[in-house]
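Each chain is listed here by its residues.
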Amino acid sequence: MTIAVDFDGTIVTHQYPAIGEEIPFAIESLIKLQKQGHKLILWSVREGALLEDAIAYCQRKGLVFYAVNKNYPEEETDHPNYSRKLQADIFIDDRNVGGMMDWGLIYRIISRGLTLNDLLSHVDHLAPTKKKKSFWSKLLGS
């Protein structure tokens, strides 16, 4: 799979424009996914020197991305038909609906080919159930 990964708030804590602390297991999980054959794209709002700082940070930790803010390394970003929309199978970002999942969970989902519905079906029995009120208790407010 091709996986697009945000940097600030996803790989490191959000301290933009500075580089925050590494979020536990972020780099380790991404390297493991790469070793399984997944292509990783760094997908960040950072540009110029700030983007280069993020790339260098990851490289020092042993994480080298397939591409940065484009679908493949040779993609021409100044081409008239260039689209900023990435063709990724999965996007990992702290702005996801529901927020950022734990990196251990993200790794398990991707490496096992699970969906969010798969996960929810396993924990559905843990959700508290509300006893339905009868018509009369609703009417009488009891």
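All residue numbers here refer to positions counted from 1 along the written sequence of the relevant chain. Selection of residues for local features in this predicted model requires a pLDDT of at least 70, selection of side-chain atom pairs for listing and counting requires 80 or more, and totals for whole chains, interfaces and linings are taken over all residues. To obtain the side-chain values, all non-hydrogen atoms of the structure were included, while hydrogens and water were left out.

Structural notes on the nonpolar core
In this structure, Phe7, Ile11, Cys58, Leu63 and Trp103 are the most contacted members of the largest nonpolar core, which totals 25 residues. A run of DSSP states H or I qualifies as a helix once it reaches four residues; a run of E qualifies as a strand once it reaches two. Both are numbered from the N-terminal end. Elements that contribute at least two residues to this core include exactly strand S1 (2-5), helix H1 (26-35), strand S2 (39-42), helix H2 (48-60) and helix H3 (103-112). In these notes, a set of buried Ala, Val, Leu, Ile, Met, Phe, Trp, Tyr and Cys residues joined through side-chain atoms within 4.5 Å is what counts as a nonpolar core. The buried label applies to any residue whose accessible area, calculated with a 1.4 Å probe on protein chains only, is under 20% of its type's maximum; exposed applies above 50%, and partly exposed to all values in between. Among the nonpolar cores identified, the runner-up in size contains 5 residues, and Ala4, Ile41, Ala67 and Leu86 belong to it.

A word on the confidence of the model for the chain
Note: pLDDT gives the predictor's confidence per residue, expressed from 0 to 100. Within the chain, residue pLDDT values average 85, and 82% of them lie at 70 or more. Per-element mean pLDDT across the chain ranges from 67 in helix H5 (residues 135-140) up to 97 in H2.

What about the side chain of Ser29?
You can see Ser29 is positioned in helix H1. By the convention used here, residues are in contact when the closest approach between their heavy atoms is within 4.5 Å. Leave out the neighbours within four places in its chain, and Ser29 touches Trp103 and Tyr107.

Things to note about the pairing of S2
By this definition, two strands are paired if DSSP reports at least two bridges between them. Bridging between S1 and S2 involves 4 bridges; their strand directions are parallel. Bridge assignment links Thr2 to a residue of S2, and that residue is Lys39. We call a crossover right-handed when, viewed with both strands directed away from the observer, the connection leading from the first strand over the helix to the second proceeds clockwise. Read from S1 through H1 to S2, the crossover connection turns out right-handed. Summarising the sheet, S2 and strand S3 (residues 67-68) pair through 2 bridges and their orientation is parallel. Note on S3: the bridge partner recorded for Leu42 is Val68. Handedness of the S2-H2-S3 crossover: right-handed.

Here we look at the sheet that holds strand S4 (residues 90-92)
With respect to topology, 4 strands assemble into an open sheet ordered S3-S2-S1-S4, the strand pairing being parallel. Sheet topology places S3 and S4 at the edges, where each strand pairs with a single neighbour. Sheet contacts for H3: S1 and S4; angle to S4, the most-contacted strand, approximately 175 degrees. Under this scheme, a helix contributes an axis fitted over its contacting stretch, all axes are lines through C-alpha atoms, and angles between N-to-C directions fall in the 0 to 180 degree range.

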